[in-house]
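Breakdown of the fold
Chain by chain, the residues run as shown.
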Amino acid sequence: METIREVGALRDLVRSARGSGRTIGYVPTMGALHEGHLSLVRLARRESDFTVVSIFVNPLQFGPNEDLGRYPRKEADDAAALASESVDVLYLPDAAEMYPPDFSTSVEVRGVSEGGEGETRPGHFRGVATVVAKLFLQVSPDVAVFGQKDLQQVSVVRRMTRDLDFPIRLLVGPTVREPDGLAMSSRNAYLSPEERRVAAAFPRALFEARDRAGRGERGAAELSENVRRELRTARLDPDYVDVVDPETMAPVEIAAPGTALLAAVRIGKTRLIDNVLVP
Ligand code: PAF
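Description of the structure in this document. (Residues numbered from 1 in each chain as written. Predicted model: local features only at pLDDT ≥ 70, side-chain atom pairs only at ≥ 80, totals over all residues. Heavy atoms only, no water.)

1. Some words on the sheet that holds strand E2 (residues 24-29)
Within the open sheet, the 6 strands sit side by side as E1-E4-E3-E2-E5-E6. Their pairing is parallel. Two strands lie at the open edges of the sheet, namely strand E1 (2-4) and strand E6 (169-173), each paired on one side alone. Neighbour-to-neighbour, the strand axes of this sheet turn through a mean angle of 25 degrees, independent of strand direction. In this sheet, strand E4 (residues 89-91) lies alongside E1 in parallel orientation, the contact comprising 3 bridges. Of the residues in E4, the one forming a bridge with Glu2 is Val89. (Pairing = 2+ DSSP bridges. Helix = DSSP H or I, 4+ residues; strand = E, 2+ residues; numbered from the N terminus. Axes fitted to C-alpha atoms, helices over the stretch in contact; angles between N-to-C directions.)

And the structure:
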């Protein structure tokens, strides 16, 4: 695996791989890699011939009171994990290279960015769309892989890719969960042992709602109220519980097959997100 910090060197490697007839697969990450990320890397490897993974903790997508400063950084462990997955290139740009002091461009994806995470974290998806657009232009992959856990991010990136004509096929890897159901996330590391125990109630509440919807209890208001009730009973603080069309992120009144239930909760100082799809 080659570790590259400059965009020029990255472009040279990608150009020569493509020149020898290989297709480029790409997984953008912010590091602190876990099995969820590695499953996306494996998907990229299956679907392309040359795999690039980037690690960049993107300051633009963190609000002023969010966890940019304490976001876990584990460059050596991450590099070792990616090398053992036979990744071809690890791209580690630094913030000064990504954002010169007079950087003045942003990508705003209206509509899909607005509810859910977009409402609680104003500017978050502008930061995500801007960095993903830059990374897409830098890496120029044929295939890019994102995780289902960040379902609204997937909708934002999908819309941006279509609207701006990026010639990139997007793939979505399923959420990887701990044995008690908690979705893997770099932010799980913030949880104390007691918070970690309580956190299992979060996926349980979503799974129960998914099962209710599967049994025909399709009213969105009732489904989301049930999730809130379960979360509060477990002493978890729901931030939002939305029932939406995952393509548009528009709220629905009746959950149909494919409808998404997505939620965020606060556990102490940590905020976790998760989602399920109605079967
Ligand atoms: O999902 C993430 O880790 C980030 O939002 C992404 C896509 C790497 C952009 O910074």
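2. Thoughts on the sheet that holds strand E9 (residues 270-277)
Taken in spatial order, the 3 strands line up as E7-E8-E9 in an open sheet, and their pairing is antiparallel. Two strands lie at the open edges of the sheet, namely strand E7 (237-244) and E9, each paired on one side alone. Averaged over all adjacent pairs, the angle separating strand axes in this sheet is 15 degrees, with direction ignored. Looking at chain direction, E7 and strand E8 (residues 260-267) are connected through 7 bridges and run antiparallel. Considered in E8, the bridge of Val244 is made with Ala260. Packing of helix H10 (residues 220-233) onto the sheet brings it into contact with E7 and E8, and relative to E7 it is tilted by some 160 degrees. (Contact = heavy atoms within 4.5 Å.)

3. Considering H10
The end-to-end C-alpha separation of H10 is 20 Å, in line with the 20 Å expected for 14 residues at 1.5 Å each. All of the buried residues along H10 are Ala220, Leu223, Ser224, Asn226, Val227 and Leu231. Looking straight down H10, one finds its buried side chains confined to an arc of 155 degrees; they lie on one side. Of the exposed residues in H10, the ones pointing more than 90 degrees away from its buried face are Ala221, Glu222 and Thr233. Each element contacted by the buried residues of H10 is listed here: helix H9 (201-214), E7 and E8. (Expected span 1.5 Å × (residues − 1). Buried < 20%, exposed > 50% of the residue type's maximum accessible area, 1.4 Å probe, protein only. Arc of directions from axis to C-beta.)

4. So, empty space enclosed by the protein
Counted under the stated rule, the structure contains 1 cavity of 30 Å³ or more. Each pocket or cavity is described by its volume, and for the largest cavity that value is around 40 Å³. As for the largest cavity, its lining consists of Lys149, Leu182, Ala183, Ser185, Asn188, Phe202, Leu272, Ile273 and Asp274. Residue composition of the lining of the largest cavity, by class: 5 nonpolar, 2 polar and 2 charged. (1 Å grid on protein atoms, 1.4 Å probe; cavity = no way out; pocket = protein on both sides within 12 Å on 5 of 7 lines; lining within 4 Å. Points joined across faces, edges and corners; volume = space filled by probe spheres on them. Nonpolar A, V, L, I, M, F, W, Y, C, P; charged D, E, K, R; others polar.)

5. Digging into the packing of aromatic side chains
This model, assessed by the stated rule, comprises 6 aromatic pairs. Relative to Tyr99, the ring of Phe56 lies with its centre 6.1 Å away and its plane at 50 degrees, an arrangement referred to as tilted. Here the residue Phe56 occupies a position in the loop between strand E3 (50-55) and helix H3 (75-84), and Tyr99 occupies one in the loop between helix H4 (95-98) and helix H5 (116-120), the gap between them amounting to 43 residues. A residue is classified by how much of its surface remains accessible, and Phe56, at 6% relative accessible area, is buried. Where Tyr99 meets Phe103, the ring centres are 4.9 Å apart and the plane angle is 65 degrees; that geometry is what we call edge-to-face. Looking at Tyr99, the relative accessible area reads 13%, which means it is buried. Its relative accessible area of 28% is what places Phe103 among the partly exposed residues. By the ring-pair criterion, three or more aromatic residues cluster together here, those being Tyr26, Phe136, Phe146 and Phe166. The aromatic ring of Tyr190 is capped on one face by Arg70, whose charged end is 3.8 Å from the ring centroid. (Phe/Tyr/Trp six-rings, centres within 6.5 Å; stacked < 30°, edge-to-face > 60°. Lys NZ or Arg CZ within 6 Å of the ring centre and 35° of its normal.)

6. Description of the pattern of salt bridges
In the structure shown here, the tally under the stated rule is 23 salt bridges. Between Asp239 and Arg271 there is a salt bridge, with the nearest N and O atoms lying 2.7 Å from each other. One end of the pair, Asp239, is in strand E7; the other, Arg271, is in strand E9, and 32 residues separate them in sequence. Using a relative accessible area of 24% as the deciding quantity, one classes Asp239 as partly exposed. (Salt bridge = Lys/Arg side-chain N within 4 Å of Asp/Glu carboxyl O.)

7. Some words on the site of the ligand
Surrounding the ligand, one finds Pro28, Thr29, Met30, Asn58, Gln61, Val131, Asp150 and Gln153. Here an oxygen atom of the ligand sits 2.6 Å away from a polar atom, N or O, in the side chain of Gln61. In the environment of the ligand, an oxygen atom lies 2.7 Å from a nitrogen or oxygen atom belonging to the side chain of Gln153. When grouped by side-chain class, the residues that make up the shell around the ligand number 3 nonpolar, 4 polar and 1 charged. (Near = heavy atom within 4 Å. Polar contact = N/O pair within 3.5 Å; in protein donor to acceptor, adjacent residues only side chain to side chain.)

8. Things to note about the packing of helix H1 (residues 7-19) against helix H6 (residues 124-139)
Remark: H1 packs on H6, axes separated minimally by 8 Å, with the N-to-C direction vectors making an angle of 50 degrees. Between H1 and H6, the crossing angle belongs to the class labelled oblique. Every residue of H6 that contacts H1 at Val7, Leu10, Arg11 and Val14 is listed here: Leu137, Gln138 and Val139. Its residues assigned to classes, the contact of H1 with H6 comprises 5 nonpolar, 1 polar and 1 charged. (Parallel < 35°, antiparallel > 145°, perpendicular 65-115°, else oblique.)

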